Structure formats: C-alpha cells, structure tokens
Amino acid sequence: MASSLPMMPDEPADRRQHPRRFDYGLLLLLLLAYLISLPIFSKLGGWAEASGVSVLYTAIVTALLKAVWANRKLFSSLLIAGSLSIVLRGIMMFHPALPLAWEVTDMLLGIVICGIGAVAIVVDISRRSRLSPDILVGAGCAYLLIALAWSCIFMLCLAFDPQSIVSNYSSTELAAGTVHDYKTVIYFSLATLTTLGYGDIVPASGLARILAVLEAANGVLLLTLLMGRLVSSYVGAKVPVDR
C-alpha cells in the first residue's frame, strides 16, 4: 500500500539540506566577546585574566565544533586539535613558567584550529544555494578566524625574534619598540588583514614583512571570494526557476 504522507514539494532544497538556520550565530558572538574582552582581562591580570581567557577560548572551540560537525573529516581534526589545545592551555595556566616549546605548540594548535574552522565554514556557506542571514554570519566568523590564525603566526615570529614586530609610538598600554602581548598582535593582524595599515605597529624583520604582505593579500582574496559568493546567492535567489 502506498504511503499517504504529504511530501511538501514547496520546501526549499537548501532548507532540507541545512535544517539548522543559525549555525554560526553563537560562534560569532563568542568571537566578538573574545576580542572585546581581551583588553579588559589584561587590565585585571593574574589569575583573573588567565581563567577568563581560557573559559572564552574553550567556549569558542566548543561552538566551532558544533558549527562544523556536518563536515566529519574536518570535525575530527578540529576535535583532536581543540582538545589538545584546551589541555595545553590548562597546564600553562597553572604552570606559566614553561619552556618556549609549550608556547610554540600552543600557537601551532591555534593556527590549525582557526584554519580548519575557517575552511569548514567557507566550504559550508559556498555549498548553500540560497542567501540567508546565517551565510552572512558565517562569512564574518571565517574572516575573524583567519585573523586569529594569522595572529598566532605573528606570535610565533615574536617568540623567535622579539624585534620582528615593533611599535612606533608610546602609550599608556604599549611602549615604543615593544610588541609582546597577544591582544596587540591580534590588533595588528586585523589591521593587516583589512589592509587598514595605520602604521602604529609595523613588521620590522624580513620574515614578518613577507607574512604581513601575505596576510593582506589573503584578506583581499578572502573578501573578494565571500562577496562574490554572497552576490551569486542573492542573484540566484531572484532568478525564477523554470518548472
């Protein structure tokens, strides 16, 4: 006997393939909260700063895992790297005076986590045929994750060459000629990725300059690809489909 269940032919195919309409909203909120809270936590210092940053970092990794769970291969890699990074940061929080190798490993894991997360999000939103708010939010998440990945790369440069990135001015928070804290490197990474180039913090070594150029090119290319994808989704949604 044939089934009498209704088929709902008018339901968009993109809705059936992606039933979760807001995959990236929580992730974007946590990323923004992380960026905004870093200067606040640095004012507190000590245990409050370490624990606050660690809690937000763990929440971001968890939200990122939830957002990319559909891509099983990338999800597995992200789960391994995220778990190792969280454990490593927990050890470093209780034992801050660890060898440089621990910090280098932490930065490498940060590059892997942010890189895998950005790739998974870009792949996901590029497969969606209809423009939606979640695509816009996902594009913002990918952009911020790329900036965080590059900030980890610059932190690696500073770990091996403290004079590779320098400041051109003195302020209440930053002395001229020194760049050593993560929040300042994130600011430098975002300014480079968006090609703002204020000039207050500049790459000084040859390697840092090459990396800054690559990040700027990465930012332009990523923005071009995301804008092209959004425009094509919008135009495709407006074009009537022949039945």
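Look up: the structure comes first, before these words.
A short tour of the structure in this document, coming up. (Residues numbered from 1 in each chain as written. Predicted model: local features only at pLDDT ≥ 70, side-chain atom pairs only at ≥ 80, totals over all residues. Heavy atoms only, no water.)

This next bit is on the packing of helix α4 (residues 72–94) against helix α5 (residues 100–127). For the pair α4 and α5, the least separation of the axes is 9 Å and the interaxial angle reads 150°. On the basis of the axis angle, α4 is roughly antiparallel to α5. Classified by chirality, the crossing of α5 by α4 is left-handed. Contacts from Leu-74, Ser-77, Leu-78, Ala-81, Gly-82, Leu-84, Ser-85, Leu-88, Arg-89, Ile-91 and Met-92 of α4 reach α5 at Trp-102, Glu-103, Thr-105, Asp-106, Met-107, Leu-109, Val-112, Ile-113, Ile-116, Val-119 and Ala-120. Taken together, the residues that form the contact of α4 with α5 break down as 15 nonpolar, four polar and three charged. (Axes fitted to C-alpha atoms, helices over the stretch in contact; angles between N-to-C directions. Helix = DSSP H or I, 4+ residues; strand = E, 2+ residues; numbered from the N terminus. Parallel < 35°, antiparallel > 145°, perpendicular 65-115°, else oblique. Left-handed = near helix turned anticlockwise from the far one by under 90°. Contact = heavy atoms within 4.5 Å. Nonpolar A, V, L, I, M, F, W, Y, C, P; charged D, E, K, R; others polar.)

Inspection of the secondary structure assignment puts Val-202 in strand β2 (residues 201–203). For the pair formed by Val-202 and Ala-212, sequence separation is 10 residues and the distance between their alpha carbons is 9.0 Å. What Val-202 contacts, discounting residues up to four positions off in sequence, is Ser-164, Ile-165, Val-166, Asn-168 and Phe-188.

Below, the discussion takes up the environment of Trp-69. Along the chain, the position of Trp-69 falls in the loop between α3 (46–67) and α4. Between the alpha carbons of Trp-69 and Ala-120 there is a distance of 9.3 Å; along the sequence they are 51 residues apart.

Our focus in this paragraph is the layout of surface pockets. Considering only enclosed or pocket space, the largest pocket measures out at about 820 Å³ in volume. Of all the elements in the fold, those that place two or more residues in the lining of the largest pocket are α2 (25–44), α3, α4, α5 and α7 (182–193). Broken down by class, the residue content of the lining of the largest pocket amounts to 14 nonpolar, five polar and six charged. (1 Å grid on protein atoms, 1.4 Å probe; cavity = no way out; pocket = protein on both sides within 12 Å on 5 of 7 lines; lining within 4 Å. Points joined across faces, edges and corners; volume = space filled by probe spheres on them.)

Under the defined criterion, the tally for this structure stands at two salt bridges. Among the ionic pairs, Arg-89 bridges to Asp-106, the shortest N-O distance being 3.1 Å. Placement of Arg-89 in helix α4 and of Asp-106 in helix α5 is noted, with a sequence separation of 17 residues between them. For the pair Arg-89 and Asp-106, one class covers both residues: buried. (Salt bridge = Lys/Arg side-chain N within 4 Å of Asp/Glu carboxyl O. Buried < 20%, exposed > 50% of the residue type's maximum accessible area, 1.4 Å probe, protein only.)

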